Structure formats: C-alpha cells, structure tokens
Amino acid sequence: MIQANSVEKSSSSNPDDFFAKALAAEVSKRRNFAIISHPDAGKTTLTEKLLLYGGAIQQAGAVKARGEQRKVTSDWMELEKQRGISITSTVLQFDYGDTTINLLDTPGHQDFSEDTYRTLAAADNAVMLEDAAKGLEPQTRKLFEVCRMRHIPIFTFINKMDRPGQEPLALLDEIESELELLPWAVNWPIGSGEQFRGVIDRRSKEVVLFSRAERGKQSSERRLKLDDPKLQTLVEDELLEKALEELELLEAAGTVMDEELIHAGELTPVFFGSAMTNFGVRPFLDAFLEMAQLPVARNSSDGPIDPLDPNFSGFVFKLQANMDPRHRDRVAFVRVCSGRFEKDMTVRHARSGKNIRLSRPQKIFGQDRAVVDNAYPGDVIGLNNPGMFAIGDTLYKGQYVEYEGIPCFSPEIFSWLRNPNPSAFKNFRKGVNELREEGAIQILYDTDQSKRDPILAAVGQLQLEVVQHRLENEYGVTTRLDPMGFQVARWVSGGWKALDELGRIFNCKTVQDAWQRPVLLFKNDWNLNQLQEDHPDLALCAVAPVVSGVDPIKL
Ligand code: G4P
C-alpha cells in the first residue's frame, strides 16, 4: 500500500505541494460503498466473495463459518449468534490491486433499518443486490429511497443467476419503472438456472464463460471474443442467440452509459451473476471500481468541503458499545471526509468546542482491530468513545466546520421501559443513556417530570428486544416493557410555542425527545390526519430535525 509519505519528495520542493499530491494520490485510490438488499438476497455471500478477491480472507465460507474465522463476520453479538441474524454494521477495509476499498456493512434485519440509514450517510456508493427470482423487494425499495435522497450512485448486482429467475429484461424494466432509475446492463446473461453459461461483456464484446467452482474456490473465468468459432462448441446456439437478440433490443432502446448520470444517482450499471458460485463477481468488482464515485465533497455549515482540503475533518456516523465484551469498550465510527488523519492528532470537537487528542484510532475489521497511523477521505476509523461523541458530531482541524447531521427516522413502536428494581437504578440510567447515545434506540420522555420512566421508540420490535437483552447482559438490569399502543410519531416543527397556540388537542399524546422538543404520538394515521385537518397550519415532521451544538438531556 502506498503511504502518503512514500511519494517521491523530489517531485516538488514545496512541502504543501508534496502533501497535496500525496493526499490526492490516496483519495484517488479509495472507493467506499454499502450494500443494500432484502434479507436472503445474498449480501453475506457477496461480501464474502469480495473479501476473497481482495485477499482479506483466504477461503469462502469464512464469513459464515464457525470458530476462528467467524471473527470477520458482522454478526458477532450474542443475540445475533442466538438468532442467526445480522443486526449491527461494521466496516471492512481491504486492498484490491491498487485500490483501497471500504465496505460499510449494514444490518440485514429490517428492524434495524435506522442503523442502515446512518451507514448510508457515510457511503459514497451503494450496491443494490437483487435476487433474480424475486426482483425488487420491500427492504431494498426502502433503502433505495434513502440513497435517492442523498443522490448516491447505485450499482445493481442481480444475483442467483444459477437458479431459475425472472426474465432479465423484466428485471431491468422493474428498476426503470418502479425506481425511476435508468438501468444500463454492463453484462448480459446467457441462459439462467441450470443453463447459465456466463455473460456477454457489453463493452468489450467478449463472452465470459464461467465454470462452477468447487465451494470455497475462485472460479476460472475464460474469455472469448463473440466471433470466436470455439464459442459454438461451448454454448448452445439458442441460448447465445436469445442473449444477442435481447442485447439488440437494449441497444435499440438507446440508453448510453454515462458516468455523470451514474454519479448523480440517475443511472445504474447492472451486472448479472451468482455470488454463491462465483459467477460474475470479479468482473463486477473490476467494473465497479472503474465507475464508482471517489470520496466526494460533503455538505457542511461552510458549504461542500473538498476531500482534498488539507485540513482533516470527519463525522461520527455510528456508535457501538461493548463490541469486545472483554474490554467493555465504546467505539465511535468516524468517516474521514477531508485531509489526512494522523494518529495522536489533536482535533476540535465541533459540538463542545473542546480539543481532543486521538491517541488510539483503530481500524476495525469484523471483531479484529489494529491501530491506524493514517487514514484518508473515504476511510472509516474507530475511536475510543468515553461518552463524548454522539451520532452526527463533527471533528476537524483548522477552521470551524460542522457537517450536516444525520436525521432520526420516525419510530413506529413505543413502549415504556420499566425498571422494577430501584436498587439497580444507577445501572439502568447508565444503560439507557449509553444505548440512546449509541443510536441503538430513540428515547422519548413524558412531559410530566414525575413520570421518570423512559419511552423506547423503535422502528422494529426486535430493536426493543435487543435493548432489553443488552441492558441485562451488559448492565445487569432486568427490565419490563409496557407497550403504549401508538404507531405514529411526528415532530412539531414550530416547537412548544406552536403547540401552546393550538390549545387542547385530542387523540394524541405529547411527549418530548432528548432535545426537549415536542413529539406527538398517534394511535394510527387516521388520528394524525384528523389533527392535520383540524389544524392545517400546524407543521409536523416525520423525520426529526437535525440538532447541532446542543447536548441532549439524559435520564
Ligand atoms: P443475506 O446476507 O442477504 O441474508 O443472504 P445470504 O448471503 O446469507 O444468502 C441467503 C441464501 O442464498 C444462502 O442460502 C446462500 O447460500 C444463498 N445464495 C446466495 N447467493 C446465491 C447464488 O448466487 N445462488 C444460489 N443458488 N444461492 C445463493 P442458505 O441455504 O440460507 O445458506 P447456506 O446453507 O447456503 O449457507
């Protein structure tokens, strides 16, 4: 790996020039992405194959395997192991050729979509993974909407081509009509299911023939020119003819591959393959690296900040406590946005205005970690978090800058969290505060100060279970949940003043969030609509407005 300081100093006598060039070299070799998919589409399998090509693991099956190699998997938490689900996200960094890839792993379970939203805030590109038989599925659509909000470039991988699936043209049509995203097939499948013979690379006009590799091995990829006579002996005529006819239809449709449209999130390059059998994964990775967006300028209080700005800056997009139960540590994941990060650097924490020395920055790979000396835009570093960092916090050197925060999404399940054992209150309080800071759950409070029990506000039921499980295992408190029967939350844009002006309102409960802002809870959409009809001037918001520069209240 080329380190910034290994770039020839003689190329310029000006040290500023030298560092600028070194930074530009590091940024240009970085790619960062997250995979969005519906559970079971094959995200774990694809991740594993990508890591295999990058040499980050030696053997397929390692991500899922038990024992030592299980470390690289993201489902390391106890509950995840018990349930066999993937809840938390981690970051996997690996080198492939001259490129450094940061793969931001996202939880597979839909109850944890909020965590995925936050991870997408740190991603420059997204890979949308579809099962060829199922096409677009609900979770994929939901996550796609988040990518669209942020104009993230999307690369589509249509998986499981070794199994009977939908017609490829129908899959493209679905993307175009339902997501209003223009698809451009980079390769085109020859056959499917038992008769899957490989793909035609549309740009090189080559056929990439695949042979099923033994489980755990990389498949060999044989390339032949489309007019190579040998092809006839290797691929059935009718399969090849069908594929070529379909390609002609695509050409006639006239869509052209345009990198600008990809980077604007309006056109998606589509790849067909099969992660499990290694069909098409390497060509996908190569083409992705060629077309993907480099670390981009991010919006801040000061306008977009160029990644090549010499001053380091970054923001916290995820907090995780007790990643390693032996150390009971708390880690803040920081996306580096500009400049060069150096170990032992002193940075300014924008929200508190305090200076902090970052003495033990870590690179985290699954459960393994190593101290990092340098990091560059597009990278993610893990910082020890003594309770100082919150999601959305900015760290910077030089002139004050604060990145756009990460919004909280509207919860749909609400429950009182009771602590039946008063002697455990101290731990209860610590656990609730820390899990809230981590973003494991949103916490709301009754407006009546005498009702001290917090309200857990979740996107999915499993999130509540995880909170209870972690309170018990990590903080030693057994809790009880009392469901509240509300399903909809809305923030009041005009704050308490707007609410006071309304006078009495019906069929909803007023609570406050951690920033003491009013939130209305409704039993259903009908009650919400009724309030809006009665008070058309009342502005309500489904996504909590971002707060910066203010500390949240604690239990
Ligand atoms: P997820 O993380 O998106 O939830 O999906 P995961 O990779 O766990 O894959 C879900 C199932 O789909 C797995 O089967 C996996 O082997 C299978 N799969 C993934 N990619 C392909 C593919 O290209 N072709 C075929 N035919 N199957 C694929 P499983 O039976 O649940 O697990 P396992 O016993 O195979 O590990």
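Remember, predicted model here, so these are calculated numbers, not experimental data.

Reading the values: the criteria
- Residues numbered from 1 in each chain as written.
- Predicted model: local features only at pLDDT ≥ 70, side-chain atom pairs only at ≥ 80, totals over all residues.
- Heavy atoms only, no water.
- Pairing = 2+ DSSP bridges.
- Helix = DSSP H or I, 4+ residues; strand = E, 2+ residues; numbered from the N terminus.
- Axes fitted to C-alpha atoms, helices over the stretch in contact; angles between N-to-C directions.
- Contact = heavy atoms within 4.5 Å.
- Buried < 20%, exposed > 50% of the residue type's maximum accessible area, 1.4 Å probe, protein only.

K.L.:
I keep staring at the sheet that holds strand S7 (residues 187-190) and nothing clicks. Help me out?
P.N.:
Remark on secondary structure: sheet strands pair via backbone hydrogen bonds, oriented parallel or antiparallel. With respect to topology, four strands assemble into an open sheet ordered S7-S8-S9-S10, the strand pairing being antiparallel. Only two strands of the sheet have a single neighbouring strand rather than two, namely S7 and strand S10 (221-225). Strand-to-strand, the axes of this sheet are offset by a mean angle of 25°, without reference to chain direction. Where S7 and strand S8 (residues 198-201) come together, four bridges link them in antiparallel fashion. Across the sheet, residue Ile-190 finds its bridge partner in S8, namely Gly-198.

K.L.:
Looking at this structure, how should I read the sheet that holds strand S5 (residues 154-159)?
P.N.:
Read from one edge of the open sheet, seven strands run S2-S3-S1-S4-S5-S11-S6, paired in mixed fashion. The sheet terminates laterally at strand S2 (91-96) and strand S6 (182-185), the two strands that pair on one side only. With strand direction ignored, the average angle separating the axes of adjacent strands in the sheet is 30°. Of the strand pairs in this sheet, strand S1 (residues 30-37) and strand S4 (residues 125-131) are connected by five bridges, and their pairing is parallel. Across the sheet, residue Phe-33 finds its bridge partner in S4, namely Asn-125. Relative to S1, helix H5 (residues 138-149) is tilted by about 140°, and along the sheet it contacts S1, S4 and S5.

K.L.:
Looking at this model, I keep getting lost on the pairing of S1. Mind explaining?
P.N.:
Two faces make up the sheet, and in a regular strand the side chains alternate between them. Buried residues dominate S1, accounting for eight of its eight residues. Of the two faces of S1, both are covered, the one formed by Arg-30, Asn-32, Ala-34 and Ile-36 as well as the one formed by Arg-31, Phe-33, Ile-35 and Ser-37. Strand direction decides the pairing type here: S1 and strand S3 (residues 99-104), joined by five bridges, are parallel. Residue pairing for S3: Asn-32 is matched across the bridge by Asn-102.

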